[in-house]
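Residues per chain, in single letters:
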Amino acid sequence: MPRRLTEEDSTALDRAIAIRHTQPDEAIAILTALLTKEPTWPSLYGLRGDALWGKGYLVAGLEDFRRVLGINPRSGLASLAVVEILWELGDLDQAIAQARSFLRRGDVKPRWRAAHRATLVDLLRDAEHAPNRSTQRDR
């Protein structure tokens, strides 16, 4: 659980949230600085992962979302982001495995279960249409 943010850090976090899609470099810098103070706060990793992913840094974004899951394995949003990024990277096998693993959890909220099921259906359909191509690309 994060400690209480200072007013300055809270303002910085609000700014990072507001600009993560329009000024991702600045948001990433702010979130990285906040993570030095709060290295176990999963939301900071999730926000930075989102900014990195949006900027096209798929592997770095994937690492941050996996950090979220290391801290909070029940995070449906982080799990779905991992699935989607793996899919974008072309690693269908790992994307399918992540979705199935999350669905096997007994403590999944219904909305995340539904989102993972729908994504898994799409992944399986995609894998079925491309059985002869490599399921993993380098990025």
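Asks: I would appreciate a short explanation of the nonpolar core in the present structure.
Replies: The tendency in soluble globular proteins is for nonpolar side chains to be buried side by side. If you look at the biggest cluster of nonpolar residues, it comprises 31 residues, and the most contacted ones within it are Leu13 and Leu44. Elements with a minimum of two residues in this core: helix H1 (7-19), helix H2 (24-37), helix H3 (42-54), helix H4 (58-71), helix H5 (76-88), helix H6 (92-104) and helix H7 (110-129). Per-element tally for this core: the top contributor is H5, with six residues. If near-sequence neighbours (up to four positions away) are discounted, Leu44 is found in contact with Leu13, Leu31, Leu34, Leu35 and Glu38.

Asks: Looking at this structure, how should I read H7?
Replies: Helical geometry note: an α-helix holds 3.6 residues per turn, so side chains three or four residues apart project in the same direction. Its 20 residues give H7 an end-to-end C-alpha distance of 29 Å, which sits within 8% of 28 Å, the value for a rise of 1.5 Å per residue. For H7, the set of buried residues is Trp112, Arg113, His116, Thr119, Leu120 and Leu123. All buried residues of H7 fall inside an arc of 135° around its axis, so they share one side. Across from the buried face of H7, at angles greater than 90 degrees, the exposed residues are Pro110, Arg111, Glu128 and His129. The elements touched by buried residues of H7 are H5 and H6.

Asks: Explain the packing of H6 against H7 to me, please; I cannot follow it from the model alone.
Replies: When two helices pack together, their arrangement is given by the angle between the helix axes and by the axis-to-axis distance. Running from N to C, H6 and H7 cross one another at 150°; their axes reach a closest spacing of 9 Å. It follows from the interaxial angle that H6 and H7 lie roughly antiparallel. Helix-helix and strand crossings are classified by hand; for H6 and H7 the assignment is left-handed. Of the residues in H7, those touching H6 at Leu92, Ala95, Ile96, Ala99, Arg100, Phe102 and Leu103 are Trp112, Arg113, His116, Arg117, Leu120, Leu123, Leu124, Asp126 and Ala127. Its residues assigned to classes, the contact of H6 with H7 comprises eleven nonpolar, one polar and four charged.

Asks: Help me out: how do you make sense of the pattern of salt bridges in this one?
Replies: Close approach of charged atoms allows side chains of opposite charge to pair. By the definition in use, this model includes nine salt bridges. Close ionic contact of Asp50 with Arg20 constitutes a salt bridge, the shortest N to O distance being 2.7 Å. Of this pair, Asp50 sits in helix H3 while Arg20 sits in the loop between H1 and H2, and the two are 30 residues apart along the sequence. Put simply, Arg48, Asp64 and Arg67 are held in one network by salt bridges that share partners.

Asks: Looking at this structure, how should I read H1?
Replies: For H1, which comprises 13 residues, the first-to-last C-alpha distance of 18 Å matches the rise-based estimate of 18 Å (1.5 Å per residue) to within 8%. Within H1, burial applies to Asp9, Leu13, Ala16 and Ile19. All buried residues of H1 fall inside an arc of 145° around its axis, so they share one side. Turned more than 90 degrees away from the buried face of H1 sit Glu7, Thr11 and Ala18, all of them exposed. Residues of H1 that are buried make contact with H2 and H3.

Asks: What's the story with the environment of Leu52 in this structure? I'm lost.
Replies: Mapping Leu52 onto the fold places it in helix H3. Under the relative-accessibility criterion, Leu52 is labelled buried at 11%. For the pair Leu52 and Asn72, spaced 20 residues apart in sequence, the C-alpha to C-alpha distance is 20 Å.

Procedures and definitions
- Counting restarts for each chain: residues are numbered from 1 in the order of the written sequence.
- Side-chain atom pairs in this predicted model are given and counted only at pLDDT of 80 or more, local residue features only at pLDDT of at least 70, and totals for whole chains, interfaces and linings cover all residues.
- Computation of side-chain values covers all heavy atoms of the structure but excludes hydrogens and water.
- Nine residue types can take part in a nonpolar core, namely buried Ala, Val, Leu, Ile, Met, Phe, Trp, Tyr and Cys, and a core is a set of them joined through side-chain atoms within 4.5 Å.
- Three exposure classes are used, based on accessible area relative to the maximum for each residue type with a 1.4 Å probe and protein chains only: buried under 20%, partly exposed in between, and exposed over 50%.
- Think of it this way: any DSSP run of H or I at least four residues long counts as a helix, any run of E at least two long counts as a strand, and we number them from the N terminus.
- Working rule for contacts: check all heavy atoms of both residues, and any pair within 4.5 Å makes them a contact.
- Each helix should span, by expectation, one fewer than its residue count multiplied by 1.5 Å.
- What the arc measures is the spread of directions leading from the helix axis to the C-beta atoms.
- Throughout, an axis means a line fitted to C-alpha atoms (over the contacting stretch in the case of helices), and angles, computed between N-to-C directions, take values from 0 to 180 degrees.
- Any angle that is under 35 degrees is reported as roughly parallel, and any over 145 degrees as roughly antiparallel; angles of 65 to 115 degrees are reported as roughly perpendicular and all others as oblique.
- Handedness of a crossing is defined here by the sense of rotation of the near helix relative to the far one, left-handed for an anticlockwise turn of less than a right angle and right-handed for a clockwise turn.
- Residues are sorted three ways: Asp, Glu, Lys and Arg are charged, Ala, Val, Leu, Ile, Met, Phe, Trp, Tyr, Cys and Pro are nonpolar, and all the rest, Gly among them, are polar.
- Definition used for salt bridges: Asp or Glu carboxyl oxygen within 4 Å of a side-chain nitrogen of Lys or Arg.

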